[in-house]
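# Summary of structural features
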Amino acid sequence: MSGDRLRQLIAQEAARLMYFRHEKEYRRAKLKAARRICGRQPREAELPSNREIRDYIAMLARMYEGERRSEKLSDMRREALRIMRLLEPFRPKLVGSVLTGHVRQGSDIDLHVFSDSVEAVCHVLEQEGIHFEVEEKLVRKEGELRRYTHIHFETRYPFELTVYPANMVGHVFRSSITGRPMERASIAQLVALLGEEMTSKTPESQAADQAVDNRLDRFQVYYSLLAPLEGIRENPQFHPEGDLLYHSLQVFALARERLPYDEEFLLAALLHDVGKAIDPANHVQVALEALEGYITERTAWLIAHHMEAQELHRGGLSQRLRRRLQESEDFEELLLLAECDRAGRVPGAEVPSLEEALQYIRELAEQFGE
């Protein structure tokens, strides 16, 4: 595997770990991801940058949260402004993902405040009836231990205030992601930012946003949806083989034996259960929503009806629904998908890795003209 490809896979897995809150810190996430991908302790040169991981986190947020993400970001900024106005004597600055726009599931609002008295900051919060906790943390930076004071509380969103001495208000903080001076916004700057958000988007800006979405590699989307299945096990009475990723890879391998050049069918076999990592009770519908724009209508149809095909096999489907399915020219492939789904439940079966399965489909796509 090339070095660039390995960095990409590690970045994707680290982003998944952070988006789903399995890890909070970039360093821990990339090390855990690297050990999972490489099966060994990684070399430093193999590790992606924080910025690469952040870009994949943003991709996951767009994929899972869609338009709600933009609405939530605006709402979080308005809530940040409300709290900043309460803390105006301490010259608050908005930093982090709520300012840069890289919010994800579980993101908090990060503020820097400047005061020589932590108690004074706490008093303002107490006056507003806000319950908070103060955390003292020792962090090694640039070879020395530094003490940081954080104040955690929650209004409509969780907040983390970092309290710095008053004379540091002009200090240039550096981003752990880019290494450059950290983006910060004062009250006035945040008001201006929110004012810009209220301006309706032009058709040109909407087209630019669409262009960004179109640059997403669909195979990155597939990986991001499939990887969480590794941590999900179902009832061993029906799934004795192990986790759902192992099951999905078995179904893919069986499908490849039957229709090795049918990319749409192979994708349906590999992706049919991805919704179980999002909403197990409604896994078909949420899978189709997450995959919208990244699969063809035929692949979507096969995924949409794979549970009905199992009901048909058990004899539990009505005649009306059976006729509806039989009217499709893909009915035979649907039955084959259901057959592979039932057969892909063997403990210890040999399967390709997730990366190998996706690479096989990628090569098919390239071979036939994508």
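Just so we're clear, the structure is a prediction, and the values are computed from it rather than from any experiment.

### With respect to the overall build of the chain
Tallying secondary structure elements over the chain gives 17 helices and five strands in all. Per-residue burial over the chain gives 47% buried out of 370 residues. Restricting to contacts in the chain with at least 6 residues of sequence separation, those with at least 24 account for 65%. Counting only carbon and sulfur atoms, one obtains 48% of the accessible surface of the chain, whose full area is about 19400 Å².

### Observations regarding helix 6 (residues 118–127)
Within helix 6 the residues assigned to the buried category are Val121, Cys122, Val124 and Leu125. Seen end-on, helix 6 carries its buried residues on one side only, within an arc spanning 155 degrees. For helix 6, exposure combined with an orientation more than 90 degrees from the buried face picks out Glu119 and Gln127. Taken from the residues just after helix 6, Gly129 is the one with a positive phi, measuring 75 degrees.

### Comments concerning the side chain of Arg77
Within the fold, Arg77 resides in helix 4 (residues 67–86). With a relative accessible area of 7%, Arg77 lands in the buried category. Among the polar contacts made by the side chain of Arg77, one reaches the main-chain carbonyl oxygen of Leu99 at a distance of 2.8 Å.

### A look at unusual backbone geometry
The phi dihedral of Arg91 is positive, around 45 degrees, even though this residue is not glycine. Structurally, Arg91 can be placed in the loop between helix 4 and strand 1 (93–95).

### Focus on the packing of aromatic side chains
Following the criterion strictly, the structure yields seven aromatic pairs and no others. When the centroid spacing of 5.3 Å and the interplanar angle of 80 degrees are considered together, the rings of Phe219 and Tyr222 count as edge-to-face. With Phe219 and Tyr222 both in helix 9 (residues 218–226), this residue pair falls three residues apart, about one helical turn. For Phe219, a relative accessible area of 5% translates into the label buried. Ring-pair connections join several aromatic residues into one group, and the members of that group are Phe114, Tyr148, Tyr164 and Phe173.

### Points about the confidence of the model for the chain
Averaged over all residues, the pLDDT of the chain equals 84, while 88% of them reach at least 70. Across residues 204–216 the pLDDT falls below 50, and counting only partners more than four positions away or on other chains, this stretch makes seven contacts in the model.

### So, the nonpolar core
In terms of nonpolar packing, the biggest core is built from 48 residues, with Tyr222, Leu226, Leu270, Leu271, Val274, Leu291 and Leu358 touching the most fellow members. The element contributing the most residues to this core is helix 11 (residues 263–271), with seven residues. In this view, Leu226 contacts Leu245, Leu270, Leu271, Val274, Leu354 and Leu358; residues no more than four positions away in its chain are not counted. Ranked by size, the runner-up nonpolar core spans 31 residues in total, among them Val121, Leu125, Ala185 and Leu194.

### Structural notes on the environment of Arg51
By secondary structure assignment, the location of Arg51 is in helix 3 (residues 50–65). Sequence separation between Arg51 and Tyr26 is 25 residues; the distance between their C-alpha atoms is 9.6 Å.

### Topic: the pairing of strand 5 (residues 158–164)
The two faces of the sheet receive side chains in turn, since in a regular strand these alternate between them. With respect to burial, strand 5 is a largely interior element, six of its seven residues being buried. Summarising the sheet, strand 4 (residues 144–154) and strand 5 pair through six bridges and their orientation is antiparallel. Bridge assignment links His150 to a residue of strand 5, and that residue is Thr162.

### Considering the side chain of Glu241
Mapped onto the fold, Glu241 is located in the loop between helix 9 and helix 10 (244–258). Buried and unpaired, Glu241 has Arg345 as its nearest opposite-charge partner, separated by 5.5 Å. Among the polar contacts listed, one links the side chain of Glu241 to the side chain of His239, at a separation of 2.6 Å. With sequence-adjacent residues up to four places away left out, Glu241 is seen in contact with Tyr246, His247, Gln250, Gly344, Arg345, Val346 and Pro347.

Conventions used here
- Residues numbered from 1 in each chain as written.
- Predicted model: local features only at pLDDT ≥ 70, side-chain atom pairs only at ≥ 80, totals over all residues.
- Heavy atoms only, no water.
- Helix = DSSP H or I, 4+ residues; strand = E, 2+ residues; numbered from the N terminus.
- Buried < 20%, exposed > 50% of the residue type's maximum accessible area, 1.4 Å probe, protein only.
- Contact = heavy atoms within 4.5 Å.
- Areas by Shrake-Rupley, 256 points an atom, 1.4 Å probe, with all protein chains shown as cover.
- Arc of directions from axis to C-beta.
- Polar contact = N/O pair within 3.5 Å; in protein donor to acceptor, adjacent residues only side chain to side chain.
- Phe/Tyr/Trp six-rings, centres within 6.5 Å; stacked < 30°, edge-to-face > 60°.
- pLDDT = per-residue confidence, 0-100.
- Core = buried A, V, L, I, M, F, W, Y, C linked by side-chain atoms within 4.5 Å.
- Pairing = 2+ DSSP bridges.
- Lys, Arg positive; Asp, Glu negative; His and termini not counted.
- Salt bridge = Lys/Arg side-chain N within 4 Å of Asp/Glu carboxyl O.

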